[in-house]
Amino acid sequence: MDQDSAASQAQRKIELQSPQDLAYLVAKYIDKTFTLAAPNLSINGLPVSSTEYLSPSPATRDTHEPFDARKRQRVAELISQEEKLLEEVAALKRSVPGKAADEQAARVRDAIRRDEEMVEARRAAVAVEAGKEGGSLRVDRLERQDGVEAGFRGAVEALGRLKRDMPSAVAKMERARVAGEYVLNAK
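Residues numbered from 1 in each chain as written. Predicted model: local features only at pLDDT ≥ 70, side-chain atom pairs only at ≥ 80, totals over all residues. Heavy atoms only, no water.

In terms of regular secondary structure, the protein is built from five helices and two strands. The buried share among the 187 residues of the protein stands at 4%. Put simply, the protein shows about 17200 Å² of open surface, and 58% of that area lies on carbon and sulfur atoms. (Helix = DSSP H or I, 4+ residues; strand = E, 2+ residues; numbered from the N terminus. Buried < 20%, exposed > 50% of the residue type's maximum accessible area, 1.4 Å probe, protein only. Areas by Shrake-Rupley, 256 points an atom, 1.4 Å probe, with all protein chains shown as cover.)

This is the structure:
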């Protein structure tokens, strides 16, 4: 009988369920045991540094999982599903804005039609109330008509002056800003 086979018959093997179980044992138990034992060891009379022989920490260790055909197939399915969804989104981006614009235009046309009907109904009601026929109304001159017209003329003239003088005021303000920046940056 082989010595290994005799030992294997006398001692039961440690059964692990996955490669992660072995990685756990190495990281938590074996590495810790060797770290604690390293100060009491020497190789050819030289002290043993545990960092040279220990595997890197689990955070820095590259762990590789065995190839799993089911996971690869699932990845392929998810990629295919993602592409189909992207195609659907692209199709919606092409069709939805036009459809939404058409629906909004229809709502606006309906609202304008209702507003015009309400205006006509109100105009007819006011004409009936005023006792006029044919729906036409006559508006007399207001008591303050001259004052209103003079105020309007003054406002239009003031806006004309403002429009004429605005470019020079903007230019002065820009020169003042540049000069202010120069003074601040010179300090």
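Attention now moves to helix α2 (residues 19-37). Compared with the 27 Å implied by 1.5 Å per residue over 19 residues, the 26 Å span of α2 between its first and last C-alpha is a close match. Its maximal kink placed at Val26, α2 deviates by approximately 35°. (Expected span 1.5 Å × (residues − 1). Bend = angle between axes of the 7 residues up to and from the residue.)

With that out of the way, let us pick up the confidence of the model for the protein. Mean pLDDT over the protein works out to 82, with 84% of the residues at or above the 70 mark. For the protein, helix α1 (residues 3-10) is the element with the lowest average pLDDT, namely 65, and helix α4 (residues 69-130) is the one with the highest, namely 89. (pLDDT = per-residue confidence, 0-100.)

Each full turn of the α-helix corresponds to 3.6 residues, which orients residues three or four apart in the same direction. Here helix α5 (residues 145-186) is 42 residues long and its end C-alpha atoms lie 59 Å apart, about the 62 Å a rise of 1.5 Å per residue gives. Helix geometry: α5 is bent most strongly at Asp165, by close to 40°, with proline Pro167 lying one to four residues after it.

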